[in-house]
Amino acid sequence: MTGMDKKSKKPLRIKIISMGNAEVGKSCIIKRYCEKRFVHKYLATIGIDYGVTKVTVKERDIKVNIFDMAGHPIFYEVRNEFYKDTQGAVVVFDVADRQSFDALDSWMLEMQNEIGNQSEMDNVVVCVCANKNDKKRVVDEAEARIWAETKGYHYFETSAQTGEGVSEMFQTLFESVVMAFENGGKRVPVQTTLGYSKEQADAIQKLRNAKNDYERLGLPPGATKDDVNRAYRKLAVLLHPDKSVAPGSEEAFKLLVAARTTLLKRCQ
Ligand code: GTP
Ligand code: MG
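Keep in mind it's a predicted model, so treat the numbers as computed, not measured. (Residues numbered from 1 in each chain as written. Chains lettered and ligands numbered in written order. Predicted model: local features only at pLDDT ≥ 70, side-chain atom pairs only at ≥ 80, totals over all residues. Heavy atoms only, no water.)

Participant: I'd like a description of the coordination of the magnesium ion (ligand 2), backed by residues and values.
Facilitator: Donor atoms from the polypeptide that bind the magnesium ion (ligand 2) are Ser27 (OG) and Thr45 (OG1), placed at 2.0 to 2.1 Å. Of this pair, Ser27 sits in helix α2 (residues 26-35) while Thr45 is found in the loop between α2 and β2 (48-57), placing the two residues 18 residues apart along the sequence. For Thr45, a relative accessible area of 10% puts it in the buried group. (Donors = N, O, S within 2.8 Å, 3.2 Å for Na, K, Ca; no water. Helix = DSSP H or I, 4+ residues; strand = E, 2+ residues; numbered from the N terminus. Buried < 20%, exposed > 50% of the residue type's maximum accessible area, 1.4 Å probe, protein only.)

So, in structure tokens, the structure goes:
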């Protein structure tokens, strides 16, 4: 056996962490994957749970160290030291709980602050799980997917209860970590089916979140007919469903057309 062979047979050790608000289902997702079962009763993680599992990905044996973090704020002091030297993060929110989605930015910030080093942070493979998708949702897929994919994160719709998406998510996570490892520790850009730009994604968000028609077109109240048409054309080019495959384009385009119609009537 040559040195090269020995090297390629050596199991890779990787560290994975879970993040996200309390009760979103982090422990259940891990349990679903490792033990193929689901527990209905909520047993809050106290500080950190640690587990090891072995997988084979791309003909490589991998020893996966999983640090399952507690989401509750009182455990911040316990979990904060576990962010460093992480290759993969499972970032979870509950599709039936708006707050848990809104909290994702602060979770990423917490990780950033603890890791400190920007390039280490940028090379963590992140899989976002829109979990509990067996329930009646309040956060829709388009919005969450855009949040994740425009940041270079993988996005999965999961249910720890039914098992949907869970093994696919872990498979992608492990594969991406191995790819990063083979790429000298640099995260390989996420291959998404996106085919749309951040500009398009942002325009959709803006249209959806605007409080009135002026805001929808990015105009001050009292804008002229010309202003309205100019703003409309600019956005229409970005968002026309024939041109944009960004999730939510169609709905956003309808909002845009309606806003323009209303404002033009007001200008006359
Ligand atoms: P902390 O450890 O406190 O941070 O919470 P956690 O994110 O680990 O949540 P956990 O996995 O313990 O799950 C919380 C509750 O949500 C439990 O009662 C689970 O049974 C339930 N749950 C988890 N995943 C799902 C899911 O996909 N669907 C449904 N319907 N319930 C789920
Ligand atoms: Mg837990």
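Participant: An account of the site of ligand 1 is requested, with residue identities and associated values reported.
Facilitator: Contacts to ligand 1 come from 25 residues, most closely from Lys26, Val39, His40, Tyr42 and Gly71. A distance of 3.0 Å separates an oxygen atom of ligand 1 from a polar atom in the backbone of Gly25. The contact in question runs from an oxygen atom of ligand 1 to an N or O atom on the side chain of Tyr42, over 2.5 Å. Alone, ligand 1 offers 650 Å² of accessible surface; in the complex the protein occludes 94% of this. The dominant element in the shell around ligand 1, judged by the number of residues it contributes, is α2, at three residues. Partitioning the shell around ligand 1 into residue classes produces 10 nonpolar, nine polar and six charged. (Near = heavy atom within 4 Å. Polar contact = N/O pair within 3.5 Å; in protein donor to acceptor, adjacent residues only side chain to side chain. Areas by Shrake-Rupley, 256 points an atom, 1.4 Å probe, with all protein chains shown as cover. Nonpolar A, V, L, I, M, F, W, Y, C, P; charged D, E, K, R; others polar.)

Participant: Lay out the packing of helix α9 (residues 198-209) against helix α11 (residues 225-239) with the relevant residues and their values.
Facilitator: The N-to-C vectors of α9 and α11 enclose an angle of 120 degrees; their axes lie 9 Å apart at closest approach. As far as their axial angle goes, α11 and α9 are oblique. For the element pair α9 and α11, the recorded crossing hand is left-handed. Here α9 contributes Glu199, Gln200, Ala203, Ile204 and Leu207 to the contact with α11, which in turn contributes Leu235, Leu238 and Leu239. Looking at the contact of α9 with α11 residue by residue, the class counts come to six nonpolar, one polar and one charged. (Axes fitted to C-alpha atoms, helices over the stretch in contact; angles between N-to-C directions. Parallel < 35°, antiparallel > 145°, perpendicular 65-115°, else oblique. Left-handed = near helix turned anticlockwise from the far one by under 90°. Contact = heavy atoms within 4.5 Å.)

Participant: Can you explain the environment of Asp134? Please cite residues and give values.
Facilitator: For Asp134, the position within the fold is in the loop between β5 (125-131) and α7 (141-149). Residue classification places Asp134 among the partly exposed residues on the basis of a relative accessible area of 35%. Look past the residues within four positions of Asp134 in its chain and what remains in contact with it is Ser159, Gln161 and Thr162.

Participant: Break down the pairing of strand β1 (residues 12-19) for me, with residues and values.
Facilitator: Where burial is concerned, most of β1 is hidden: seven out of the eight residues are buried. Examined bridge by bridge, β1 and strand β3 (residues 60-69) share seven bridges and lie parallel to one another. From the neighbouring strand, Arg13 faces β3, where its bridge partner is Lys63. Note: β1 against strand β4 (residues 88-94), four bridges, orientation parallel. Bridge assignment links Met19 to a residue of β4, and that residue is Val91. (Pairing = 2+ DSSP bridges.)

Participant: Report on the packing of aromatic side chains, specifying residues and quantitative values.
Facilitator: The relative placement of two aromatic rings is captured by the distance of their centres and the angle of their planes. In total, this model carries eight aromatic pairs according to the counting rule given. An aromatic cluster is defined as three or more aromatic residues linked by ring pairs; in this entry it consists of Phe93, Phe101, Trp147 and Tyr153. (Phe/Tyr/Trp six-rings, centres within 6.5 Å; stacked < 30°, edge-to-face > 60°.)

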